[in-house]
Amino acid sequence: MKKGFTLLEIMVVLGILGIALGIAFSMFDMSNLGWNTHNIQVELQQEARMGMEAMAKDLYLTDSGQITVDTINNIITFQVPVIIDTDETIPKDIYDTLGNIRWGAKVNDSATYGNESYSIRYSRNTNTNQLIRDIIDGSNTTLSSRVCDNNLQALVFDPTPALQPTTLSITITCQRPIRQGSTTLLTATLISRVTFRN
């Protein structure tokens, strides 16, 4: 009697081993997909929150008379109180000599003084799917620009009431595929209502 395995026995063992490895790989892949899905969902929610916080911080300072909302293109332009005086003998203040608030914007966050002809504009760049914060001058020329959010699929502004709004509803939707090249998309939507302080 010969000791060893027949070709049929080896093929059966290899078949069973192949099925077991296939099941193990499938379970690993599903576990990995669940992990990736959770991480991407958390990232999308954080991105939406960062964009919302950036806008809310600026919008909280504005006044309903200083805001222009383009609800068709979902662009918001507004001014905030700024210090204009560059004369060091006059105390730094947002008020003019008559006690009126000076409205405008600073070119960047590190600037001490603002300009009354500058405004802040938030919009969605449809080519890069980013939330952009621009400082623009009176002729709508962009003086500085900053990305506040990535993977932005939708940005909606809804002022209440439409004329001279006292509150603004903002909806941010971020979207990203589960994996590189995947058609399955994950979405995170954040809705916030901002009440103007001034």
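Located above this text is the structure these notes cover.
Thresholds applied
- Residues numbered from 1 in each chain as written.
- Predicted model: local features only at pLDDT ≥ 70, side-chain atom pairs only at ≥ 80, totals over all residues.
- Heavy atoms only, no water.
- Helix = DSSP H or I, 4+ residues; strand = E, 2+ residues; numbered from the N terminus.
- Contact = heavy atoms within 4.5 Å.
- Buried < 20%, exposed > 50% of the residue type's maximum accessible area, 1.4 Å probe, protein only.
- Polar contact = N/O pair within 3.5 Å; in protein donor to acceptor, adjacent residues only side chain to side chain.
- Core = buried A, V, L, I, M, F, W, Y, C linked by side-chain atoms within 4.5 Å.

(A) Molecular detail of the environment of I76. Structurally, I76 can be placed in strand β2 (residues 75-78). Taking the C-alpha atoms as reference points, I76 and I120, 44 residues apart in sequence, are found 8.1 Å from one another. The contacts of I76, once residues within four sequence positions are left out, are L59, I67, T68, V69, I120, R121, Y122, F157 and L168.

(B) The arrangement of the side chain of R121 in detail. Residue position: R121 is located in strand β5 (residues 119-125). Assessed through its relative accessible area of 16%, R121 is described here as buried. Looking at R121, its side chain comes within polar contact range of the side chain of T142, at 3.2 Å. Residues contacting R121, with those up to four places away along its chain left out, are I75, I76, T77, I132, R133, D134, I136, N140 and T142.

(C) Structural view of the nonpolar core. Grouped together as the largest cluster of nonpolar side chains are 31 residues, with contacts concentrated most on M55, L59, Y122, I170 and I172. Secondary-structure elements contributing two or more residues to this core are α1 (7-59), β2, β5, β6 (130-136), β8 (152-160), β9 (167-177) and β10 (185-195). Examining the composition of this core, we find that seven residues originate from one element, α1, more than from any other. Beyond its immediate stretch of four places on either side in the chain, I172 contacts A48, G51, M52, M55, D149, L152, A154, L155, A188, T189 and L190.

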